[in-house]
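Residue-level structure breakdown
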Amino acid sequence: MFDIKIEKLSKGLDFLSIDYDHNLISKFILYYEFLNKENKKFNLTSITDFNDFISLHVLDSLSLLLPIQKYNINYQNILDIGSGNGFPGAPFKVCIPKANMILVDSVKKKVNFMQKLIQLLNLNGIEIINNRVENLGNNKDYRKTQNLILARAVAKLSTLIEIALPLLQIGGYCIFHKSNLSQSEFESMNKTLRYFDAQLIEIYKVPNELVPRNHNLVIIKKNSEIDFEYPRNNNKPFRKPLF
């Protein structure tokens, strides 16, 4: 049974053309065991089965490598918004250790979990920040510093665009995980993109061979400077999206 579970992970890594060895596989097993252990204390996730952890957390997170490869997106400096239990940033870092990664979450218990996790997995070149991401967008140490912004199940697209674009260098990309995109959210996304002169590159359908559920990645490119009044503070991007 255990070998079958490992086979699921190895097949997914093969599908993504990720080189792996026993050490990399072991890190994902450690990740799973540690998440389950901490989950009993802090109620971090509803996913407790190893197969589901691999499919719905690890491979779901790593699916962003497909559009990165397709569009040759620079991933030297990455910021993950609302990382929670480390997804999608931590699995990416495990497989692509040369990337510089910032994981951001406003919830202290989740930040504490991620800090323990990166020590357990011996991950270097990774920073964990306990803050609201819109505060970073107004901080000169983070504004316009990133090549790629990630977010998975954090907020509506209009909100994500406002809080992500100020963090990106011009020519940088956002990749947002999105399972169900309604017509109204699609329209508000397009209005927000026009407002900031940003570009929708593709709504990328993740192959079912990798993730067995309806799953899309919204690929956005930053083309212009963003006015310093954005992102708005006091939680306004979440409470009252621009469109």
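So, here's what we can say about the structure. (Residues numbered from 1 in each chain as written. Predicted model: local features only at pLDDT ≥ 70, side-chain atom pairs only at ≥ 80, totals over all residues. Heavy atoms only, no water.)

Turning next to the sheet that holds strand E1 (residues 77–81). Reading across from one edge, E3-E2-E1-E4-E5-E7-E6 is the order of the seven strands in this open sheet, with mixed pairing throughout. Edge positions in the sheet fall to strand E3 (126–130) and strand E6 (199–205), since each has one partner strand and no second. Averaged over all pairs of adjacent strands, the angle between strand axes in this sheet comes to 20°, irrespective of strand direction. For strand E5 (residues 168–178) and strand E7 (residues 216–221), the ladder comprises six bridges, and the chain directions are antiparallel. Residue pairing across strands places tyrosine 173 opposite lysine 221, the latter belonging to E7. Set on the sheet, helix H6 (residues 108–120) makes contact with strand E2 (100–105) and E3; between it and E3 the angle comes to about 165°. Here helix H8 (residues 157–164) sits on the sheet in contact with E1, strand E4 (146–152), E5 and E7, set at roughly 150° to E5. (Pairing = 2+ DSSP bridges. Helix = DSSP H or I, 4+ residues; strand = E, 2+ residues; numbered from the N terminus. Axes fitted to C-alpha atoms, helices over the stretch in contact; angles between N-to-C directions. Contact = heavy atoms within 4.5 Å.)

This part takes up the environment of phenylalanine 42. Its location among the elements puts phenylalanine 42 in helix H2 (residues 22–42). You can call phenylalanine 42 partly exposed: its relative accessible area is 34%. For the pair phenylalanine 42 and glutamine 169, spaced 127 residues apart in the sequence, the C-alpha separation amounts to 36 Å. (Buried < 20%, exposed > 50% of the residue type's maximum accessible area, 1.4 Å probe, protein only.)

Look at H2 against H6: their axes get within 11 Å of each other, and the N-to-C directions meet at 150°. Taken as axis vectors, H2 and H6 run roughly antiparallel relative to one another. Handedness of the H2/H6 crossing: right-handed. Seen from H2, the contacting residues are Leu30, Tyr31, Phe34, Leu35, Glu38 and Phe42; seen from H6, they are Lys109, Phe113, Lys116, Leu117 and Leu120. Residues belonging to the contact of H2 with H6 are distributed by class as follows: eight nonpolar, no polar and three charged. (Parallel < 35°, antiparallel > 145°, perpendicular 65-115°, else oblique. Left-handed = near helix turned anticlockwise from the far one by under 90°. Nonpolar A, V, L, I, M, F, W, Y, C, P; charged D, E, K, R; others polar.)

Moving on, we get to the side chain of glutamate 38. With respect to the helices and strands, the residue glutamate 38 is situated in helix H2. Exposure remark for glutamate 38: the relative accessible area of 3% places this residue in the buried category. Those residues in contact with glutamate 38 that lie beyond four places of it in its chain are Asn43, Leu44, Phe113 and Lys116.

What follows is about the packing of aromatic side chains. On inspection of all chains with the given rule, the structure shows twelve aromatic pairs. A ring pair is formed by tyrosine 31 and phenylalanine 53, whose centres lie 5.6 Å apart and whose planes are at 65°; its orientation type is edge-to-face. Highlighted residues: tyrosine 31 in helix H2 and phenylalanine 53 in helix H3 (residues 50–62), separated in sequence by 22 residues. Across the pair, phenylalanine 53 and tyrosine 31 agree in class, each one buried. A centroid spacing of 6.3 Å and a plane angle of 35° characterise the contact between phenylalanine 50 and phenylalanine 53, whose relative ring orientation is tilted. Placement of the pair is phenylalanine 50 and phenylalanine 53 together in helix H3, with a separation of three residues, close to one helical turn. Here phenylalanine 50 and phenylalanine 53 have matching classes, each one buried. Cluster of aromatic residues (ring-pair linked, three or more members): Tyr31, Tyr32, Phe50, Phe53 and Phe87. (Phe/Tyr/Trp six-rings, centres within 6.5 Å; stacked < 30°, edge-to-face > 60°.)

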